[in-house]
Amino acid sequence: MIRSYLYVPGYDERRIAKALDGEADAVVIDLEDAVAPDRKQEARRVTAEVVARPSDKPVFVRINSPSSGLAEDDVAAVTGPGLTGIRIPKTESAAQVRQVAAWLEGRPQLVAIVPLIESALGVERAWEIVAASGEVAAVAMGEADLRADLGVSVDEGLAYARSRCVNAARAAGRIAVQSVYPELRDTAGLRASTQRGRQLGFTGRSAIHPAQVTVINDSFVPSEEERARAEEVMAAYQSGLRDGSGTAVTSDGRFIDEAVVRSARIVLSLATRPHGGETG
């Protein structure tokens, strides 16, 4: 369970090194929005050097959009042994996902694909996108572009898109990653937004500044009460299985079946991560 994904520009070796040594669970090296057109080649070269070395921390690369004419060369350059996954920006079709998967064929290591949903069309096709390839590990959201495409100015306008993406990810047995929070100084707002995201079904969140990471990590750590409930669910369910039943009831009368157990497993997976943003 990756709670925090910290974006860093692909050309900035110093910031990449700091991110790899920092508190984020994973690093996303950006070749797209954070890189000016005249620095694209530099960013690709620096990123290729970084992923050429194995890393103790998951490293994703956000390539340029499939329509940019740069994406194929990005993929070819950055699929070194230190690469965990590729983020595809502005994904709007299953064909785009399959194209990236084809570019990755023959690589010595498994590379995860994470489509970014950033448009109304991407939202409508979320299921097709997530189910397009077995290499898709998650779906992530990019809400700045999505807000502009939808023409919404209030957070409530994104409720349908968020739930749709979570539903598509879950239906495919994948996870959903919450979009960045753009207000860097609004720590309280970040915490509240991330906690709402977790309640909606997101299991991690992207960050654009290291100062956001600890808040995100802590927001995805279940409380002691949540952990205790999940442990009770698992204990009751295991007891039911030993008695030959696929269901059980907790001491306070809550009915338990496999669906409830799946939720408990997610809570316990998140609970095993260290507090305070440490990666352990």
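Everything discussed here concerns the structure shown above.
Residues numbered from 1 in each chain as written. Predicted model: local features only at pLDDT ≥ 70, side-chain atom pairs only at ≥ 80, totals over all residues. Heavy atoms only, no water.

Asker: I'm lost on the overall build of the chain in this one. Help?
Answerer: When you go through the chain residue by residue, the secondary structure sums to 12 helices and 10 strands. At 19 Å, the chain has a C-alpha radius of gyration in line with the 19 Å of a compact globule built from 280 residues. Considered along the principal axes of its C-alpha atoms, the chain spans approximately 65 × 45 × 35 Å. Here the chain, with 280 residues, has 48% of them falling under the buried criterion. Considering only intrachain contacts with a sequence separation of at least 6, the fraction spanning at least 24 residues in the chain is 69%. (Helix = DSSP H or I, 4+ residues; strand = E, 2+ residues; numbered from the N terminus. Rg over C-alpha atoms; globule rule 2.2 N^0.38 Å. Buried < 20%, exposed > 50% of the residue type's maximum accessible area, 1.4 Å probe, protein only. Contact = heavy atoms within 4.5 Å.)

Asker: Explain unusual backbone geometry to me, please; I cannot follow it from the model alone.
Answerer: In this model, K90 sits at a positive phi of 50°, which is unusual for a non-glycine residue. Looking at where K90 falls in the secondary structure, it is placed in the loop between β4 (85-88) and α4 (94-104). Judged by its relative accessible area of 29%, K90 falls in the partly exposed class.

Asker: Got a minute to help me understand helix α3 (residues 71-78) in this structure?
Answerer: For an α-helix, the turn length of 3.6 residues means that residues three or four places apart are oriented alike. Three or more residues of α3 are buried, namely A71, D74, V75 and V78. For α3, the angular spread of the buried residues around the axis is 95°, confining them to a single face. Elements in contact with the buried residues of α3: α2 (40-51), β3 (59-62), β4 and α4. (Arc of directions from axis to C-beta.)

Asker: Would you mind showing me how to read the nonpolar core here?
Answerer: Nonpolar side chains tend to gather and get buried jointly when the protein is soluble and globular. In terms of nonpolar packing, the biggest core is built from 58 residues, with I29, V61, I86, V100 and I113 touching the most fellow members. Per-element tally for this core: the top contributor is α4, with 6 residues. (Core = buried A, V, L, I, M, F, W, Y, C linked by side-chain atoms within 4.5 Å.)

Asker: Is there a simple way to think about the packing of α2 against α3 in this case?
Answerer: How two helices pack is summed up by the angle between their axes together with the distance between the axes. Two elements in contact, α2 and α3, have axes whose closest approach is 8 Å; the angle formed by their N-to-C orientations is 30°. Between α2 and α3, the angle is such that the two are roughly parallel. On the side of α2, the interface is formed by R44, T47, A48 and V51, while α3 contributes D73, D74, A77 and V78. Classifying every residue of the contact of α2 with α3 gives 4 nonpolar, 1 polar and 3 charged. (Axes fitted to C-alpha atoms, helices over the stretch in contact; angles between N-to-C directions. Parallel < 35°, antiparallel > 145°, perpendicular 65-115°, else oblique. Nonpolar A, V, L, I, M, F, W, Y, C, P; charged D, E, K, R; others polar.)

Asker: Help me understand the environment of D21 in this model?
Answerer: Mapping D21 onto the fold places it in helix α1 (residues 13-21). Under the relative-accessibility criterion, D21 is labelled exposed at 70%. For the pair D21 and V51, spaced 30 residues apart in sequence, the C-alpha separation works out to 15 Å.

Asker: Is there a simple way to explain the packing of aromatic side chains in this structure?
Answerer: Each aromatic ring pair is specified by the distance between its two centres and by the angle formed by the two planes. For the structure shown, the criterion picks out 1 aromatic pair. Stacked on the ring of Y5, the Lys or Arg R87 has its end atom at 5.0 Å from the ring centre. (Phe/Tyr/Trp six-rings, centres within 6.5 Å; stacked < 30°, edge-to-face > 60°. Lys NZ or Arg CZ within 6 Å of the ring centre and 35° of its normal.)

Asker: In this structure, what is going on with the side chain of T194? I would like to understand it.
Answerer: By the element assignment, T194 lies in helix α9 (residues 187-200). Classification of T194 by relative accessible area gives buried; the value is 0%. Within polar-contact distance, the side chain of T194 engages the side chain of R205 at 3.0 Å. When residues no more than four places from it in sequence are discounted, the contact partners of T194 are Q178, R205, I216, S219 and F220. (Polar contact = N/O pair within 3.5 Å; in protein donor to acceptor, adjacent residues only side chain to side chain.)

Asker: Explain the sheet that holds strand β6 (residues 138-141) here, please?
Answerer: Note: strands within a sheet are paired through backbone hydrogen bonds, in either parallel or antiparallel orientation. The strand order β1-β2-β3-β4-β5-β6-β7-β8 describes a closed barrel built from 8 strands, whose pairing is parallel. Between one strand axis and the next, the sheet turns by 25° as a mean value, whatever way the strands run. By the bridge criterion, 3 bridges tie strand β1 (residues 4-9) to strand β8 (residues 204-207) in an arrangement that is parallel. What sits directly across from S4, in β8, is R205. (Pairing = 2+ DSSP bridges.)

Asker: Even after reading the chapter, I still don't get the packing of α1 against α2, so can you show me in this structure?
Answerer: Across the interface, α1 lies against α2 with an axial gap of 11 Å and an inter-helix angle of 30°. Two packed elements cross with a definite hand, and for α1 against α2 that hand is right-handed. Here E13, I16 and L20 of α1 come into contact with α2, specifically with V46, E49 and V50. Grouping the amino acids of the contact of α1 with α2 by side-chain chemistry returns 4 nonpolar, no polar and 2 charged. (Left-handed = near helix turned anticlockwise from the far one by under 90°.)

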